[in-house]
Amino acid sequence: MNFFFRVDSSRSIGFGHVMRCLVLAEKLRLAEANVFFVCKYYEHSLIPMIKNSNFTVITLDNISSKFQEELLSNELQIEDARMTIDAIKEFQVDWIIVDSYLLGIEWEMKMRGVAIKIMVIDDLAESKHHCDLLLNQNSNELELNYKESLNKESIGLFGPKYALLRDQFLMLRPTKLEPIAETKRILIFLSGGDDYGETLKAMRGIWKYKKNVEADVVIGSSNPYASEIKDLCQKYHWNFLVQIDNLAERIASTDFVVGSCGINAWERCALGKPSISVMLASNQKYVSKTLEKYKASEVIGWFEDISENEYCNIMKKMTKERVFEIANNAYNLVDANGVARVSSILL
C-alpha cells in the first residue's frame, strides 16, 4: 500500500503536524507500507528531519509569498491540490493523509481524482471536510462538530485514546505510579518552535519557587530566544537541551513537567507525569479543555495572561497529594496505544 502525507512545517506553522505524521508513518512502514511526504519548503522546515528518517519527500513550490495562518482561499486550495496531484499521479495512491489548517474541503474533493481514500488530521473542529477517516486526538466530544464532514461510510476518531505517540512512550510507560515525596527535578518544554518567550518566563518563575531544583530546559532549534534561554540556564546551573531525540527518556526521568497544551501534553500524560500546562496557540484549546475536564494537568490559561510569579505561586500550591492526583489522572487518560489503533484502521 502507498501512503502520502501532505504536511508542512516552519517556525510559524509549528512542528507538531510533521512530528505526529512521522509517528504514524513509522508505524505504517513497519507494516511494509510505502510512505511518502509531500511538503512545501519553508525556512526552518523539518524536511531535513523527514529525509533523515529515510522517507522520500516530494517538494512543492510555494504558491503564496507569505505563510497564512487561516484556511486558504478556494483558489489557492485548488492550486495546491493541482500541484499535489501532478506530483503523485504516477503512483497508486491508496491513502493521502493531510495534516494542515490551510487545506480543507476544496482541496480534499480535488484529491478524489487521484486518491482511493483520504484521511484528515485536525485540531480545530471549525472547517468542513471531505474524507474517509478523520482524526482529532484532542477531545472525545467533537463528533457533532464534524457532523457535516462525516457520512455514514466515514470513520471519526476522537480523543487522546488515538493520540499519535512514538513507541518510546509505550516502552517507557510505567506499570504502576508511585507517589513522589518531593519534586527534585523539573522538565520545562513548551514548544519545538517559537514559544513567544514563555520558556524564559517559566524558568524565572520556577527559580523563584525553588532555587536548588534540578531542571532540564528543552527547546527546538528554531527558538528565537535560544541565546537568552542558554544564558539563563548557565546562571541557574540547569541543563540546556536543543532539538533532542530522547525527549521520552527525559520526561520519564523527571518529577514534574512545565509544558504547553500542544501535542506534547499527551506525551507526558502517557508517562504519568504531573504538569503545569499553558496555552500558546488557539489550536490548543481542545487539549486545554480535555486536560481540565479530566484534571490531568494544572492548566493555567493563555500565556499572555500569565506572569512568572504565577508559575511560582502555582508550584507552591502543588502538595504531594495534588501532584499524585494529577499524575494518576494523566496516566489514565492516555495509554500510548493511539498510533496502533489508527494504523490498524488504515492498513
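See the structure shown above.
So, here's what we can say about the structure. Every chain's residues receive numbers from 1 upward, in the order its sequence appears when written. Restriction of local features to residues with pLDDT of at least 70 applies here, the model being predicted, together with a cutoff of 80 or more for giving and counting side-chain atom pairs; totals for whole chains, interfaces and linings are based on all residues. Think of the side-chain values as coming from all heavy atoms in the structure, minus any hydrogens and water.

**Brief notes about the layout of surface pockets**
Right, on to step 1. The computed volume of the second largest pocket comes to approximately 160 Å³.
Right, on to step 2. Taken together, 13 residues form the lining of the second largest pocket, with Leu177, Glu178, Ile180, Gly272 and Lys273 sitting closest to its centre.
Right, on to step 3. Ranked by the residues each element gives to the lining of the second largest pocket, the list is headed by helix H12 (residues 320–333), at three residues.
Right, on to step 4. Put simply, Ala, Val, Leu, Ile, Met, Phe, Trp, Tyr, Cys and Pro go in the nonpolar bin, Asp, Glu, Lys and Arg in the charged bin, and everything else, Gly too, in the polar bin. Its residues placed into classes, the lining of the second largest pocket shows ten nonpolar, one polar and two charged. Of the two site types, the cavity is a set of points on a 1 Å grid over the protein atoms alone where a 1.4 Å probe fits but cannot get out, and the pocket is an open set with protein on both sides within 12 Å along at least five of seven lines, each lined by residues with an atom within 4 Å of a point. Grid points are joined across faces, edges and corners, and a volume is the space filled by probe spheres set on the points. Each helix corresponds to a stretch of at least 4 residues labelled H or I by DSSP, and each strand to a stretch of at least 2 residues labelled E; elements are numbered beginning at the N terminus.

**A short note on the environment of Ile180**
Right, on to step 1. With respect to the element layout, Ile180 can be found in the loop between helix H5 (167–172) and strand S8 (185–189).
Right, on to step 2. Distance from Ile180 to Leu247, taken between C-alpha atoms, is 21 Å for residues 67 residues apart in sequence.
Right, on to step 3. Any pair of residues with heavy atoms lying within 4.5 Å of one another is described as a contacting pair. Among all residues touching Ile180, those that are not within four sequence positions of it are Asp255 and Lys320.

**Remarks on the pattern of salt bridges**
It is possible for side chains bearing opposite charge to pair when their charged atoms get close.
Right, on to step 1. Each salt bridge in this description consists of a side-chain nitrogen of Lys or Arg and a carboxyl oxygen of Asp or Glu lying within 4 Å of one another. Tallied over the full model, the rule gives 23 salt bridges.
Right, on to step 2. Its salt-bridge partner being Asp99, residue Arg20 comes within 2.7 Å of it at the nearest N-O pair. Pair noted here: Arg20 is in helix H1 (residues 16–30) and Asp99 is in strand S4 (residues 93–99), with a separation of 79 residues, a long-range link.
Right, on to step 3. Buried, partly exposed and exposed residues are distinguished by accessible area as a fraction of the type maximum, computed with a 1.4 Å probe on protein chains only: under 20%, between the cut-offs, and over 50%, respectively. By relative accessible area, Arg20 is classed as buried at 1%.
Right, on to step 4. A relative accessible area of 1% means that Asp99 is categorised as buried.
Right, on to step 5. For Glu182, the salt bridge goes to Lys210, with nearest N and O atoms at 3.4 Å. With Glu182 in the loop between H5 and S8 and Lys210 in the loop between helix H6 (198–209) and strand S9 (214–219), this pair connects stretches of sequence that are 28 residues apart.
Right, on to step 6. Judged by relative accessible area, Glu182 falls into the partly exposed class, the value being 42%.
Right, on to step 7. Through salt bridges with shared partners, a single network forms among Arg6, Asp8, Lys40 and Asp80.

**What to know about the side chain of Ser154**
Right, on to step 1. As for its placement among the helices and strands, Ser154 is situated in the loop between strand S6 (133–136) and strand S7 (155–158).
Right, on to step 2. Contact partners of Ser154, with chain neighbours within four places excluded, come to Cys131 and Asp132.

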